[in-house]
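# Working through the structure, step by step
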Amino acid sequence: MSERAAPERPDRPLLTPPFWSLVSFLSCARLTLGAGPLPLIAVTVAAGALAMGLAACFALSRTRLRAAVSVAAALALGAACACLVCAGELARQGALAEALSSSPASAWELEVESDMSEGASGWRARAAVLRDGRRVGRVWLLTEEPYGLGDVLRCVGRFTENEEDEWGASSRAQGLSGTVRAVRLLSSRSAGGLRGEVLALREAVLGSLDAASSDPRALVAGAICASTQAMSERGLDEIFSACGVSHLVAVSGGHLVLVSAVVSSLLGRTRLGTLPRALTLLGMTALFVAFCGAPVSAVRSWVMVLAAELSRLAGRRAHPLSSASVTALAMAALEPGVTGQLGFVLSVACACGICALGGYARYVLRVLVWRSGGTRGHVPVRPVRAALSSAQEALALTVVSQAVTMPFTCATFGTLSLVAPLANVLLAPLFSLVLVLGLAVALLAWAPPLQALVLVPCDAAGAAVAWLARRLAGLPLACVPVSVDEGPALALLGCLLAALLVAWPHVTRRALVGALCAALALGLVWHLRWRLFAPACVRVLDVGQGDAILVTDGSSSLLVDTGPGDAVVGALARNNVTHLDAILVTHLHDDHVGGVEALGGVVSVGEVLVAEGVTLEAGGVPVSSVGRGDVVRVGRFSLEVLSPSGPVDGLENEDSVVCSLSYEDERGRTLRALLTGDAERDVTDALVEAGDVGDVDLLKVGHHGSGVSVSASAAAALMPEVSVASAGEGNAYGHPDPACVEILEDAGSAFLCTMDVGDVCVEPGVEGPLISCQRRSVRDATLR
């Protein structure tokens, strides 16, 4: 019996000029389209990039770093091309916006290019703008009813140009000139030709699945048809995101590998020659991509399949990293808006990361599990060896993919899945089975009895995937909130990868185990520090146009309101919060309760508190009622409910739960505050007149600082050291109202607004509250 050889370190990857051009192109394109400069400025920057590149190449050629000339040239060329292409894109977007603003929407046709998703504003999808049958640009389309992928609509509607805010920048970066809201439909038609036939088949398959009826059917609809509406309705999208396995559903390289394997297996039973087989394989995979609606990640993967087949037919060995880079460059140059689409960026990052670092990740894992002196006689039987090898492969690819995409996913979603490596190892094989059976289900849509037979094992496999994903997502700390900015995170990742590529070290099992133990120990210390020893403070969080106030003391924590959408996830992440004992919802307006759903699976919540009479569904979290006189304790903080005095439905501002907060400790530190929700001066005046509340250190200004938030008499009676309003930058309501600010400042209070200073932290003090802000400092003192 021979001894097993120690794992060998792979060669350092060759980072070719196309790769460096891709890195430069994507970085500059995302910056340029996001910033939206005048096209002339972008052209000027392109010329500057070329000039700097030439200068760098000349300087490097006269030194010992001649080998870096090609890298400098590739970076400069990529940056210049990106600026030039984006200049043209911005000019096209501007011209389309002007044309749509100066003509009725009914003069244009709109072709639905993505599945519609339902939101608060209606049904939304990307749409191509057609003039005389020619595509002239893209917009967001908002409708009252959903329409199918490929439908061409003519409607009466209103066009709104992208605003200079975060949403506008995101839309511009995706190649969208603005939003068309359809008011009345004039005509519609389905897509024609071969594409129309393929999309009609897709609709037939979706109809036969009844995707909304169960988790397995929703998974099949997402994996085979790229329709995730049912997954969203059933909450599976959030579960898969928490597990870090959303890529399993998104149609991309993994799907095409399986489809190619199935098609190749069938073609292997025929007598077709090499060229006909290759053409048939490319044709079948292209039809699958079209069947899925041609998402950019799938298109990129198919182009890479095309490049690989052409290389094979030409008898040349393909260089995967170069192929991936050239493919992505071509797509981005032809359609710059894809650089702003997260699916494309993640797909490209994963492909390049796996090509460059996949071999090293496999080597590290083999070192970790390898034992010197072992013999082949001790190796498990072949099926077990194959399973272990597959698990190592899945884990290696997962670690690489998660590492290279972390800056994008963490910045976009504000979460990091800690359970992702385990989830991918466990779920990937099962999901491959769902995908293969799902393909059979789709092909048998024309024969319902046969389809029903295949659906039985498909449903069983899908149910196993959904069950296991729910169990994994429910693990403690499976997914934690994080707060990072994309730019600095990418810079840090680039430095770490550069250091790895330069060092390219041999590793030992002892060093790896030590590093893993050290990382786990640091993570545990960090978690315990913030979970058990959080400072005593009240933080008014910056969540845009909404309210969220965090109260912490040691191991206790309470969140008063959650703001709108998922902004609260990032706010809690930057304050190191992974657990909340409770959420107190003051009332049911979306800017106060909208974030409850977003916290599910990210931050553990003990219970949700609402006013008596209010009904709220909190995603399985227990809901309790509080009324006037009830006291909620958060460590040494006490929150006494002052209003409302009886049952309410929570639909009006005056229904808001108003709390008096107090704190005192053995060191003589104190803090008094009034938290008002959206209650206005009628409520606060009544509380002051009744003597329920008096002098306070902190006033959380009601209703975002509107003109009727507080009266002069109440402000004089409360005498707050500092008053804080929560409002979003550029909000349409004019919050905070100058009249409100003047009343509070006349009463001797310092006034702060989250849109100006970010999170506001107010800590108990001996001689007054200690106040600090996220974006600028405020002196610690009694500010009267």
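In this report, the structure presented in the accompanying data block is examined. Since the structure is predicted, the reported quantities are computational estimates derived from the model, not experimental observations.

Our focus in this paragraph is the overall build of the protein chain. Broken down by element type, the protein chain carries 26 helices and 23 strands. For the protein chain, whose C-alpha radius of gyration is 29 Å, the value lies close to the compact-globule estimate of 28 Å for 784 residues. Summarising its shape, the C-alpha atoms of the protein chain cover approximately 95 × 75 × 70 Å along the three principal directions. Going through the 784 residues of the protein chain one by one, you find that 48% of them count as buried. Counting contacts in the protein chain only where the partners sit at least 6 residues apart, residues at least 24 apart contribute 68% of the total. Entry remark: accessible area of the protein chain is about 36300 Å², with carbon and sulfur atoms responsible for 60%.

It is worth spelling out the pattern of salt bridges at this point. Enumeration over the complete set of coordinates arrives at 25 salt bridges. Linking Glu164 and Arg172 is a salt bridge whose minimum nitrogen-to-oxygen distance equals 3.9 Å. Residue Glu164 is classed as exposed on the basis of its relative accessible area, which comes to 69%. A network of salt bridges, in which partner residues are shared, links Glu111, Glu113, Arg135, Arg138, Arg195 and Glu335.

Bringing the pairing of strand E1 (residues 109–112) into the picture now. Of the two faces of E1, the one holding Glu109 and Glu111 and the one holding Leu110 and Val112 are both buried throughout. Two elements, E1 and strand E3 (residues 122–131), share four bridges in a ladder whose sense is antiparallel. Paired with Glu109 across the bridge in E3 is Leu130. As defined by bridge partners, E1 adjoins strand E5 (residues 152–161) across two bridges and the pair is classed as antiparallel. Bridged to Glu111 within E5 is Val152.

The subject of this paragraph is the sheet that holds strand E16 (residues 637–643). Across the sheet, which stays open at both edges, the seven strands sit in the order E15-E16-E17-E18-E19-E20-E21 with mixed pairing between neighbours. The sheet is open, and its two edges are formed by strand E15 (631–634) and strand E21 (750–753), each paired on a single side. Taking each pair of neighbouring strands and ignoring which way they run, the sheet shows an average axis angle of 20 degrees. Strand direction decides the pairing type here: strand E19 (residues 698–700) and strand E20 (residues 722–725), joined by three bridges, are parallel. Note on E20: the bridge partner recorded for Leu699 is Ser723.

Before going further, it helps to spend a moment on the nonpolar core. The nonpolar side chains of a soluble globular protein tend to be buried, and buried together. Core analysis: the largest hydrophobic core is formed by 118 residues, its most contacted members being Phe240, Leu559, Leu572, Leu580, Phe637 and Leu639. The contact partners of Leu580, leaving out residues within four places of it in the chain, are Leu550, Ser557, Leu558, Leu559, Leu572, Leu599, Val603, Ser604, Val605 and Gly606. Leu321, Ala328, Ala332 and Ala361 belong to the second largest nonpolar core, which has 44 residues in total.

Mapped onto the elements, Ala204 comes out in helix H5 (residues 193–209). Between the C-alpha atom of Ala204 and that of Val367, which follows or precedes it by 163 residues, the distance is 50 Å.

Right, let's talk about a nonpolar patch on the surface for a bit. On the surface, a nonpolar cluster with roughly 380 Å² of combined accessible area is contributed by Leu275, Leu279, Leu310 and Leu313. Listed by contribution, the elements that provide at least two residues to the nonpolar patch are helix H11 (274–291) and helix H12 (296–313). With respect to the helices and strands, Leu310 occurs in helix H12.

Moving on, we come to helix H16 (residues 420–443). An α-helical turn contains 3.6 residues, so any two residues separated by three or four positions project in the same direction. Look at H16: 32 Å from first C-alpha to last across 24 residues, which is about the 34 Å you get at 1.5 Å a residue. When the local axis directions of H16 are compared, the greatest deviation, roughly 40 degrees, occurs at Leu427, which is followed within four positions by the proline Pro429.

About the thresholds
- Residues numbered from 1 in each chain as written.
- Predicted model: local features only at pLDDT ≥ 70, side-chain atom pairs only at ≥ 80, totals over all residues.
- Heavy atoms only, no water.
- Helix = DSSP H or I, 4+ residues; strand = E, 2+ residues; numbered from the N terminus.
- Rg over C-alpha atoms; globule rule 2.2 N^0.38 Å.
- Buried < 20%, exposed > 50% of the residue type's maximum accessible area, 1.4 Å probe, protein only.
- Contact = heavy atoms within 4.5 Å.
- Areas by Shrake-Rupley, 256 points an atom, 1.4 Å probe, with all protein chains shown as cover.
- Salt bridge = Lys/Arg side-chain N within 4 Å of Asp/Glu carboxyl O.
- Pairing = 2+ DSSP bridges.
- Axes fitted to C-alpha atoms, helices over the stretch in contact; angles between N-to-C directions.
- Core = buried A, V, L, I, M, F, W, Y, C linked by side-chain atoms within 4.5 Å.
- Patch = residues over 30% accessible without salt bridge, like charges linked within 9 Å, V, L, I, M, F, W, Y side chains within 5 Å.
- Expected span 1.5 Å × (residues − 1).
- Bend = angle between axes of the 7 residues up to and from the residue.

Purely geometric numbers; function is a separate question.
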